[in-house]
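# Reading the structure
So you can see what is in the structure, the chains are spelled out below.
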Amino acid sequence: MASSTKMFALVDCNNFYVSCERAFQPALRQVPVVVLSNNDGCVISRSAEAKALGLKMGEPLFQARSLIEQHQVHVFSSNYALYGDMSHRVMSYLASQAPEMEIYSIDEAFLSLHGMGLLQPSLEGYAQQLRAQVLQRTHIPTCVGVAPTKTLAKLANRVAKKDARLDGVCHLDTDARRLWALEQVAVEDVWGVGRQYATKLHALGITTAAALARCSEAMARKHLGGVVGARLVRELQGSPCHRLAPSEDGTLKRQSIACTRTFGKPLTDFEDVMSAVAAFASRAAEKLRRQESAANVLTVFLSQNRFGPTPPPHTRSAQVTLALATSSTPELVRVARALLGRLWQPGLRYVKAGVVLDGFEVGEQKQLSLFTPDDSERAERLMQKLDALNARFGKNSVQVATALGAAGKQPGVWKGQQQCRTPAYTTDWNQLWTISC
DNA sequence: TCTGGGGTCCTAGGACCC
DNA sequence: TCTGGGGTCCTAGGACCC
């Protein structure tokens, strides 16, 4: 592996949601902190101190409660307005520091370091500079893995997080370092090895990333989902099979758009569930219009409690393919209502629902209507006005009546609790961070 | 009592066609 | 009795990711 080889860096924010909360409350440093999922259901981000106490990722709050109270762990509801904005700040800086970037998730980005070896005295120093600058600008700590493939960059990042001697950067620039790093990582922690594959690999006696990297292609194909497994092993061996995916600059078009939620409490009334489904369809339609697509396929699903006594299946879904692709909120809500009607069984307690849009047509590919061009143009103009109003006056200033629920009832009966949410410090004029002197 | 949400890619197999 | 072969398209479902 010469230094002129293409290299990838994976920059990963440490305990991102917790770090966002800490950025605005310095008193939270050094103490155990967790952030909860929607509805305050599960633990989804933990500080190092919280991990050390034995709090687990994805653990339900009611199970974690005794540990939390015993050690006075600070608990926060998730605050996506804040996290999204902080993510944007981190990503904007990173984008300015590399020729190409892929935003992989809210808290991770791959950078292409093609040619950087010539500009930088050492990639190690470059990576350290990235960490220092992100920390200074956003107060978010990060780790960086640098390697010749994306899978190895992920692995290097994991090693950098685990081994304090590395000071947050792991650079796999030689074969000896690659082999050393592979020995440090359990096979179930390799990017692309989930629960099913991990079980299978352990049964085959393959327990480390190093052992997986020594597998034959035939073996990988047979046990790890065909071509997916073959690529995984090759990447661990140092041959790149994945490039950066398009994602930056906000032009990425999703192939499917979903809006789904667990309700705050089980619902038994059709109109209550319908108000939720209408809100989900509206939100999905907004996302659809933002990427300038129209959907051909709409799916509604409805779930009962999968932890309860009801035998499976806990989820039923209904789908329709539209004669004409649309992104109109009222149209999608109307279709969603019909689908919900098909699914609805009175007397059942529903805990969750969702709307999924699929089968997109994009821009000029949109099918021309043979029938009522006036109507669809009018609908499009109406939606443009709606989006403009909501952009100006705030989310949901204008919405379809169905989403508000039945007349005379409290709107949003399906919504859950967010008992411990911090303010949207950075995105709402009414919730700005205040410093008292 | 209480258990998140939103995506991607790949494969197998059926329908259909010549 | 014997019942082709190869290609494409589509969908459902399984695996993975954060």
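Located above this text is the structure these notes cover.
Since the model is a prediction, treat every value here as computed from it, not as a measurement. (Residues numbered from 1 in each chain as written. Chains lettered and ligands numbered in written order. Predicted model: local features only at pLDDT ≥ 70, side-chain atom pairs only at ≥ 80, totals over all residues. Heavy atoms only, no water.)

This part covers the protein's contact with DNA strand C. By nearness alone, 13 residues border DNA strand C, and E108, K154, G192, G194 and Y197 come closest of all. When the atoms of DNA strand C within 4 Å of the protein are sorted by group, sugar and phosphate make up 100%. In this structure, G194 approaches DNA strand C through a main-chain N or O atom, which is 3.0 Å from a phosphate oxygen. Y197 has a polar backbone atom sitting 2.9 Å from a phosphate oxygen of DNA strand C. Looking at the surface near DNA strand C, the elements that each hand over two or more residues are β5 (100–105) and α9 (195–203). Of all the elements, α9 adds the most residues to the surface near DNA strand C, at 3 residues. A class-by-class count of the residues in the surface near DNA strand C yields 5 nonpolar, 4 polar and 4 charged. (Near = heavy atom within 4 Å. Polar contact = N/O pair within 3.5 Å; in protein donor to acceptor, adjacent residues only side chain to side chain. Helix = DSSP H or I, 4+ residues; strand = E, 2+ residues; numbered from the N terminus. Nonpolar A, V, L, I, M, F, W, Y, C, P; charged D, E, K, R; others polar.)

Before going further, it helps to examine the protein's contact with DNA strand B. Near DNA strand B, the surroundings consist of 21 residues, among which N38, R231, A258, T260 and T262 are the closest. Taking the atoms of DNA strand B that fall within 4 Å of the protein, sugar and phosphate contribute 73% of them. Put simply, the parts of the chain that give the surface near DNA strand B at least two residues each are α12 (227–237) and β9 (257–267). In terms of residue count, β9 provides more of the surface near DNA strand B than any other element does, 6 residues in total. In the surface near DNA strand B, the residues fall into 9 nonpolar, 6 polar and 6 charged.

Right, let's talk about the packing of aromatic side chains for a bit. For the structure shown, the criterion picks out 11 aromatic pairs. Relative to Y17, the ring of F16 has its centre 6.0 Å away and its plane inclined at 55°; by these criteria the two rings are tilted. The buried category is assigned to F16, whose relative accessible area is 2%. Centroid distance F270 to W344: 5.3 Å. Interplanar angle 85°. Geometry classified as edge-to-face. Placement of the pair is F270 in helix α13 (residues 270–290) and W344 in the loop between α14 (329–343) and β12 (350–362), with a sequence separation of 74 residues. Pairwise contacts between aromatic rings join F16, Y17, Y80 and Y83 into one cluster. In this structure, K150 is placed above the aromatic ring of F110, and the distance from its NZ or CZ to the ring centre is 4.7 Å. (Phe/Tyr/Trp six-rings, centres within 6.5 Å; stacked < 30°, edge-to-face > 60°. Buried < 20%, exposed > 50% of the residue type's maximum accessible area, 1.4 Å probe, protein only. Lys NZ or Arg CZ within 6 Å of the ring centre and 35° of its normal.)

Read these as spatial facts, not as claims about activity.
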